[in-house]
Amino acid sequence: MATFAINYFLQTKLPDVGTTIFSVMSKLAQENNAVNLGQGFPDFDCDPALIDAVNTAMRSGHNQYPPMPGVAILREAIAKKIADLYGHQYGPATEITVTAGATQAILTAVLAVVQAGDEVIVIEPAYDSYVPAIRLAGGIPIFVAMELTSEGYSIPWGKVQESITNKTRLIMLNSPHNPTGFTLQPADIRALSQIVENTNIIIISDEVYEHMVFDQQVHESLSRYPELAHRSFIISSFGKTYHVTGWKVGYVTAPEFLMTEFRKVHQFNVFTVNTPMQIGIANYMVSNQTHIELADFYQQKRDLFRAGLKNSGFRLLPARGTYFQCVNYSAISSLSELEFSHWLTKEIGVAAIPMSAFYHDSLESNIIRFCFAKRDETLKLALEKLKSL
Ligand SMILES: Cc1ncc(COP(=O)(O)O)c(C=O)c1O
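Residues numbered from 1 in each chain as written. Predicted model: local features only at pLDDT ≥ 70, side-chain atom pairs only at ≥ 80, totals over all residues. Heavy atoms only, no water.

## A few points about the pairing of strand β12 (residues 324-328)
- In terms of residue burial, β12 counts as a mostly covered element, since five of its five residues are buried.
- Burial of β12 is two-sided: the residues F324, C326 and N328 facing one way and the residues Q325 and V327 facing the other way are all buried.
- Pairing of strand β11 (residues 315-316) with β12 involves two bridges; the strand directions are antiparallel. Residue pairing across strands places R315 opposite N328, the latter belonging to β12.
- By the bridge criterion, five bridges tie β12 to strand β15 (residues 367-371) in an arrangement that is antiparallel. What sits directly across from N328, in β15, is I367. (Buried < 20%, exposed > 50% of the residue type's maximum accessible area, 1.4 Å probe, protein only. Helix = DSSP H or I, 4+ residues; strand = E, 2+ residues; numbered from the N terminus. Pairing = 2+ DSSP bridges.)

Here it is, written out as structure tokens:
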């Protein structure tokens, strides 16, 4: 049999990327039969009416390519939702594109506007797709770490300002914030507005948890602020809103001059997103307002989870939005975050994610993240195991 000596050198484009911590911890949870509060996905199903709506779309013959930016009725439903909630009227024809989840929207937006050598401000801890997206575009991530006080995490806007140079092209923002549960406040919006005023800086605002904001806060979507909306890609995810993370359908809104560039990349990236889900989601959105109940739904889970940990050795950090609860475990263990997460999974039977996974230099702060997007029974089972610590 002939053997082939393949002797070429392939330089990886993403030298720092390996298997994500989310897959590692989910596998470990499975192997150890642990309650998986690691990876961020619900363990309950979506509204059956949503499944019916997609089913009906398939059976009605909506199974061929839709238009490149998404089906019109879905873009119209998205425009209406944003106008109702945040008061900004996006044009469905030119300013809204349906994407294969938020991750594709983020990558596509970065590829559309970042040129080789451009600098991009990344606020850490950060969702793990941001930096690889920037690197694939040839951009340079400039890291600014959030500050942690007894009030919780905050964005040090002075440091963001100091990091701006004439090469800064983009600021990546995320609110409500994964993993910290931080939410943007009016003072943050003022600081951000001052920083970008009179610059050409573009913003990617990752708002996938827009409907999970607790304690009667309002979600500070950048679409509420015309001067910010005019320079922003705002990204959301139906996976998060409708408990269907596996469907990978989301959307991006932006002013036309940005959306034109976005669509140039989008059409050669995925071209478009599967038709029946788009039609199904659109029809569901027209007759259901379930996104409005989402904050209460998750707040009840957050409160259940926090109450269960109250007398444990975990110190609970504020959780103002998202479906994540961060805790400091320094009263329980001096292990590193990764070691502690492994120990917790194997010995206690509950999986979590180390906070260090969200920093480029694996910064250690004795903090882990739990996901509470789980059935109450699942949360109670986990709490039973955690409360003795
Ligand atoms: C902050 C943030 N952005 C984007 C995403 C990706 O969303 P999607 O599944 O729609 O790609 C996630 C998912 O965990 C996330 O937490």
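Moving on, there is more to tell.
## Focus: the pattern of salt bridges
- Counted under the stated rule, the structure contains eleven salt bridges.
- Residue D43 pairs with R375 through a salt bridge whose shortest N-O separation is 3.4 Å. Here D43, found in the loop between β1 (35-36) and α2 (48-59), pairs with R375, found in the loop between β15 and α14 (376-386); they are 332 residues apart in sequence, far enough to count as distant.
- D43 gets classed as partly exposed once you look at its relative accessible area, which sits at 24%.
- Assessed through its relative accessible area of 39%, R375 is described here as partly exposed.
- Of the charged contacts, one joins E384 and K387 as a salt bridge, the two residues approaching to 3.2 Å between their closest N and O atoms.
- By relative accessible area, K387 is classed as partly exposed at 43%.
- What emerges from the salt-bridge pattern is a single network uniting D43, R375 and E377. (Salt bridge = Lys/Arg side-chain N within 4 Å of Asp/Glu carboxyl O.)

## Considering the sheet that holds β15
- Taking strand neighbours across the sheet as the criterion, the four strands line up as β11-β12-β15-β14 in an open arrangement whose pairing is antiparallel. Each edge of the sheet is formed by a strand with only one pairing partner; in this case those strands are β11 and β14 (353-354).
- Sheet analysis places β14 next to β15, joined by two bridges and oriented antiparallel. Counted as the bridge partner of P354 is I368 from β15.
- Along the sheet, helix α12 (residues 290-309) contacts β11, β12 and β15; its crossing angle with β12, the most-contacted strand, is approximately 20°. (Contact = heavy atoms within 4.5 Å. Axes fitted to C-alpha atoms, helices over the stretch in contact; angles between N-to-C directions.)

Any functional reading would require information that these geometric values do not contain.
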